[in-house]
Amino acid sequence: MRFGFISHIVGHDPSVVVLQQNIELAILAEELGFDSFWVAQHHFGTQQAHCPSPLVLLSAIAQHTSRIRLGTAVVVGSTEHPLRLAEDAVMVDALSGGRLELGLGAGSDEVTARRFGVDHSRRHELFRGNLDLLCGALTADSDVVPSAPDLRARLWIGTASESGFALAAELGLGVLTGRSSSPLGPRDEIAADRSAQYRHHYQGAGAPRVGVSRSILCAASASDAFTHLRPGIERSLEKAYAAGRFPVDFTAHDYVSTGHSYIGTGLQVREALSEDLVIPHATDVLCNVQPASPSYTAIGESLRIFSEEVIAPWNSVHTTTLV
């Protein structure tokens, strides 16, 4: 099992401060033994995010790290020109010494699609066409410079849908998948079944890859972790109330108790992961703290606890056999 961290590059501070904090988080993650550090793309400051160009940020992180793999989770492939994306990606791959993991998705934000002149209703069709062109640009005989013919084997599709899993299996790409957000809690049995079907139908030359994203915050206690997460969860729920996705009496406590986040001591988080239905299918577990935005001090402490109390014990006792 590989362990990584996904940052959505969010915060109330000026962008330059938030970006620098995330460079420091990536450095810390490498020092603590994490296998990967992933950056999400958000345009126009949505979700209080500061990174519309994750490959640019990863290029900066590459200059301060030497081992940790650097991923995008995800770039919106329906709004990007595939050849320009290929050129930017191979540049980061070259500057990082071949450490890039390129995650792509169709996109879910209709406003962003409209701003880029993209018909949101055609996003899956456009994504597939752009993905085919991107894969073609990452072959050994491509004229894209620098050359990175093995980068295609490090492409991932961010998806929760049956069709997305099927596409990744057909093209031999990795899958990045999270979990649903509803008052009933996540339907992990669905994601587990789709992950199993993906592995069964996988047509790639290398081994199938399943990256499972989970909202995780480790602290000295579950109450301490909840204190850090509560303001962000409540802000997110206000938007969910307005959109009709959650009833107005659904609280931050309900959000955590229904399994949307794993919080508490390292032991509590490790036990929660061991009971997660999707984890047996995973090659990568990716921690994030969405939809909340705790302080970077709290995130750094969470990374330290997770490294010492989850990663180390997990690797010592788990021998994962994926079939």
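Above this text sits the structure in question.
The following paragraphs examine the structure supplied in this document. On a predicted model such as this, the values are computed, not experimentally measured, just so you know. (Residues numbered from 1 in each chain as written. Predicted model: local features only at pLDDT ≥ 70, side-chain atom pairs only at ≥ 80, totals over all residues. Heavy atoms only, no water.)

Here we come to the layout of surface pockets. The calculated volume of the second largest pocket comes to roughly 240 Å³. Mapped by element, the contributors of at least two residues to the lining of the second largest pocket are α2 (54-62) and α3 (82-95). When residues of the lining of the second largest pocket are assigned to their parent elements, the largest contribution, 6 residues, is made by α3. Its residues assigned to classes, the lining of the second largest pocket shows 10 nonpolar, 5 polar and 3 charged. (1 Å grid on protein atoms, 1.4 Å probe; cavity = no way out; pocket = protein on both sides within 12 Å on 5 of 7 lines; lining within 4 Å. Points joined across faces, edges and corners; volume = space filled by probe spheres on them. Helix = DSSP H or I, 4+ residues; strand = E, 2+ residues; numbered from the N terminus. Nonpolar A, V, L, I, M, F, W, Y, C, P; charged D, E, K, R; others polar.)

Turning our attention to the nonpolar core. General note: in soluble globular proteins, nonpolar side chains tend to be found buried as a group. Counting residues in each nonpolar core, the largest one holds 89 residues, and the members touching the most others are Phe37, Leu131, Leu273 and Phe306. For this core, the element with the most residues is helix α11 (residues 296-317), which contributes 8 residues. Ile6, Ala73, Trp156 and Leu176 belong to the second-largest nonpolar core, a separate cluster that totals 6 residues. (Core = buried A, V, L, I, M, F, W, Y, C linked by side-chain atoms within 4.5 Å. Buried < 20%, exposed > 50% of the residue type's maximum accessible area, 1.4 Å probe, protein only.)

Moving on to the pattern of salt bridges. This structure, assessed with the given rule, holds 17 salt bridges. Put simply, Glu87 and Arg84 hold a salt bridge, and the shortest N to O gap is 2.8 Å. Taken as a pair, Glu87 and Arg84 lie in helix α3 at a separation of 3 residues, close to a single helical turn. Linking Glu234 and Arg230 is a salt bridge whose minimum nitrogen-to-oxygen distance equals 2.8 Å. Of the two residues, Glu234 and Arg230 both sit in helix α8 (residues 222-243), 4 residues apart, roughly one turn of that helix. Given the relative accessible area of 34%, Glu234 is considered partly exposed. Note on Arg230: relative accessible area 36%, which makes it partly exposed. Through salt bridges with shared partners, one network takes in Arg179, Asp188, Arg214 and Asp276. (Salt bridge = Lys/Arg side-chain N within 4 Å of Asp/Glu carboxyl O.)

Right, let's talk about helix α10 (residues 266-274) for a bit. Within α10 the residues assigned to the buried category are Gly266, Val269, Ala272 and Leu273. Summarising the axial view, the buried residues of α10 lie within an arc of 130°, below the 170-degree limit, and thus occupy one face. Considering only its buried residues, α10 is in contact with β7 (210-218), β8 (261-264), β9 (284-288) and α11. (Arc of directions from axis to C-beta. Contact = heavy atoms within 4.5 Å.)

Tallied over the full model, the rule gives 8 aromatic pairs. Ring centres of Phe3 and Trp314 lie 6.2 Å apart, and the angle between their planes is 80°; this geometry places the pair in the edge-to-face category. Taken together, the residues span a long stretch of sequence, with Phe3 in strand β1 (residues 2-7) and Trp314 in helix α11 at a distance of 311 residues. The exposure class of Phe3 is buried, given its relative accessible area of 1%. Residues Phe246 and Phe250 carry aromatic rings whose centres are separated by 4.9 Å and whose planes lie at 45° to one another, so their mutual orientation is tilted. The ring of Phe44 carries Arg115 above its face, with NZ or CZ at 3.9 Å from the centroid. Over the ring of Trp156 we find Arg209, and its NZ or CZ is 4.6 Å from the ring centre. (Phe/Tyr/Trp six-rings, centres within 6.5 Å; stacked < 30°, edge-to-face > 60°. Lys NZ or Arg CZ within 6 Å of the ring centre and 35° of its normal.)

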